[in-house]
Each structure stands twice: as C-alpha cells, then as structure tokens.
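# Close look at the chain arrangement
Each chain is listed here by its residues.
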Amino acid sequence: MEKIKIKNYPMVNSTPIVLAGADVNGKPNYTTIGAFGVVCEGPIFYISLKDTHFSTIGVRENGYFSVNIPSADMIEKTDYCGLVSGKTIDKSHLFSSFYDEIGKAPMISECPMNFLCKVIQTVPICGFTVFFGEIVSTFISEDCLTGDVPDPLKINPTLGMGFRYFKLGQSVGVVFKEGKVIK
Ligand SMILES: Cc1cc2nc3c(=O)[nH]c(=O)nc-3n(C[C@H](O)[C@H](O)[C@H](O)COP(=O)(O)O)c2cc1C
C-alpha cells in the first residue's frame, strides 16, 4: 500500500485517558491526562504534567499522585477537568474523594480503578515534568472484576486519539498466545 508522508502527529496514544489527583493547598484537585503509561515490568507509571498546571504544585509538594481511570460514561467530567484549572475553579467537589492510609493523594470513588503512586523520579522536558511513580496501592470497584482479575470491558475506559474520545471495542486476542501460530 502506498504511504503518504504527513505532518508530525504525536497524538497516537490509545492509552486510557486518566484523571491525575493531587492535594493542593489541602484540597483535592483532578487533571485530565493523556500522557500516561507503563514504563517497565515493575509497578511504575508515568504522567507528564505541564509545569504551570495547578496539580503540578501538589505532586511536587506531596511527592505522590493518584491515577484514576474514569469510565467512558464519565466523559463530561473527564473532559471538564482538562478544560479548567484548579488555579481559578475549585474542582474538589466534582467527585467524592477517598484516601488510603498513606493519605498523600486523593482518589476518585466514582472511577472504577485507582492507583496511588509515590514519585521516584522526575524528568523535565519542554515545559513539562514527567513524574515516574511507583504504585503503592491499587483499588478497583468490585463489579469491575471477573473472578479476581480487573476486566477491561467492565472498567470501560475512555481512550484518546487525536482530538477524539473512544471506548473499547471487542477483544481481538490473548497476550503471548496469538503470535504462537507464527512461531
Ligand atoms: C484529553 C485531555 C488530555 C490532556 N492531557 C494532558 C497531559 O497529558 N498533560 C498535561 O499537562 N495536561 C494535559 N491536559 C490539559 C490539562 O488537563 C488542563 O490544562 C487542566 O485544566 C489542568 O488543570 P490544573 O491546572 O487544575 O492542574 C489534557 C487535557 C485533555 C482534555
């Protein structure tokens, strides 16, 4: 198939859109994040936060952030948290927040899955800081499990690609199994 060279297009991530949580001035603040992911086999996530964001203050001060996976039916609040800054609008009452015993970052009860992450490394890049966080606790809504395993279709995350939101379709295979037909 013929290829067409287009302008550079970095927005190809299809990782879930997440809400990063941090306490700022003693109140929860939540920010929509597309630059989120897994970096290695260990329980480590990264989020890339613009230095001028309100949440960035809280992540730096507390050394912790939360990653909350909103379900696709939370799309309006998910988008809203990326439209307005805690600098001018209080986002603390948008969700009901909970903390684990460490108490260092707020998590969102309404989100099916939540992770508390302790910052272990930071990398400044082009006005952003990439925060690498070790996952220190994980929570899931009971109805999003199948057996004792988190079920992606029940979690129903929102995926972002380009400037549109999507939700998961169907599973097309099992990891480390499908390739065996070629092996
Ligand atoms: C879908 C979406 C993805 C976003 N991804 C990021 C991101 O990865 N990093 C970032 O710094 N800002 C990102 N933003 C922008 C912030 O969410 C937005 O500027 C927010 O208002 C900052 O809030 P705060 O100042 O309360 O922290 C994204 C916004 C949207 C709508």
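Residues numbered from 1 in each chain as written. Predicted model: local features only at pLDDT ≥ 70, side-chain atom pairs only at ≥ 80, totals over all residues. Heavy atoms only, no water.

The chain has the name Conserved protein of DIM6/NTAB family in an unreviewed UniProt entry, where Desulfosporosinus acidiphilus is given as its organism. In its Sequence similarities (unreviewed entry) section, the UniProt record describing the chain reads: "Belongs to the flavoredoxin family." Taken from UniProt, the Cofactor (unreviewed entry) comment for the chain reads in full: "FMN". (UniProt positions renumbered as here; feature names shortened; annotations may be inferred.)

## Quick word on the pairing of strand β8 (residues 113-125)
Here strand β5 (residues 64-69) runs beside β8; their pairing, made up of 6 bridges, is antiparallel. Looking at β8, one finds that S66 is bridged to L116. Once β8 ends, the chain turns through 2 residues before running back antiparallel as strand β9 (residues 128-140), passing C126 with a positive phi of about 50°. (Pairing = 2+ DSSP bridges. Helix = DSSP H or I, 4+ residues; strand = E, 2+ residues; numbered from the N terminus.)

## Re the environment of K77
With respect to the helices and strands, K77 occurs in helix α2 (residues 75-80). Distance from K77 to L19, taken between C-alpha atoms, is 9.8 Å for residues 58 residues apart in sequence. With near-sequence residues (within four places) excluded, K77 lies in contact with L94 and F95. There is a polar contact of 2.8 Å between the side chain of K77 and the backbone oxygen of L94. (Contact = heavy atoms within 4.5 Å. Polar contact = N/O pair within 3.5 Å; in protein donor to acceptor, adjacent residues only side chain to side chain.)

## Description of the pattern of salt bridges
All told, the structure shown has 2 salt bridges when counted by the stated rule. Between K27 and D90 there is a salt bridge whose closest N-O contact spans 3.1 Å. Residue K27 is found in strand β2 (residues 27-33), and its partner D90 is found in the loop between α2 and β6 (97-98); the two are separated by 63 residues along the sequence. Residue K27 is classed as partly exposed on the basis of its relative accessible area, which comes to 42%. Since its relative accessible area comes to 38%, D90 is described here as partly exposed. Among the ionic pairs, D51 bridges to R60, the shortest N-O distance being 3.2 Å. (Salt bridge = Lys/Arg side-chain N within 4 Å of Asp/Glu carboxyl O. Buried < 20%, exposed > 50% of the residue type's maximum accessible area, 1.4 Å probe, protein only.)

## Let's talk about the environment of T56
Within the secondary structure layout, T56 lies in helix α1 (residues 54-62). The spatial distance from the C-alpha of T56 to the C-alpha of V24 is 8.8 Å, given a sequence separation of 32 residues. Those residues within four positions of T56 in sequence are excluded, and the remaining contacts are L49, K50, D51 and F131.

## A closer look at the layout of surface pockets
Of the volumes computed, that of the second largest pocket is approximately 250 Å³. Lining the second largest pocket are 13 residues, and of these P16, I69, M113, P152 and I155 lie nearest its centre. For the lining of the second largest pocket, the secondary-structure elements that each account for two or more residues are β3 (36-38), β8 and α3 (152-155). No other element matches the 3 residues that β3 contributes to the lining of the second largest pocket. (1 Å grid on protein atoms, 1.4 Å probe; cavity = no way out; pocket = protein on both sides within 12 Å on 5 of 7 lines; lining within 4 Å. Points joined across faces, edges and corners; volume = space filled by probe spheres on them.)

## So, the packing of aromatic side chains
For the structure shown, the criterion picks out 4 aromatic pairs. Measuring from ring centre to ring centre gives 4.9 Å for F45 and F115, while their planes differ by 80°; the resulting arrangement is edge-to-face. Linking F45 in strand β4 (residues 44-50) with F115 in strand β8, this pair joins segments that are 70 residues apart in sequence. Judged by its relative accessible area of 8%, F45 is buried. Judged by centre distance (5.2 Å) and plane angle (85°), the ring pair of F98 and F139 falls under edge-to-face. Of this pair, F98 sits in strand β6 while F139 sits in strand β9; the two residues are 41 residues apart in sequence, bridging distant segments of the chain. A residue is classified by how much of its surface remains accessible, and F139, at 30% relative accessible area, is partly exposed. Ring-pair connections join several aromatic residues into one group, and the members of that group are F36, F45 and F115. (Phe/Tyr/Trp six-rings, centres within 6.5 Å; stacked < 30°, edge-to-face > 60°.)

## Quick notes on the site of the ligand
As a structural note, the neighbourhood of the ligand is formed by 21 residues, with T31, K50, S55, S85 and G86 the closest of them. In this structure, an oxygen atom belonging to the ligand sits 2.8 Å away from a main-chain N or O atom of T32. At 2.8 Å from a nitrogen atom of the ligand is found a main-chain nitrogen or oxygen belonging to S48. Alone, the ligand offers 650 Å² of accessible surface; in the complex the protein occludes 81% of this. Listed by contribution, the elements that provide at least two residues to the shell around the ligand are β2, β4 and α1. Here the residues of the shell around the ligand sort into 8 nonpolar, 10 polar and 3 charged. (Near = heavy atom within 4 Å. Areas by Shrake-Rupley, 256 points an atom, 1.4 Å probe, with all protein chains shown as cover. Nonpolar A, V, L, I, M, F, W, Y, C, P; charged D, E, K, R; others polar.)

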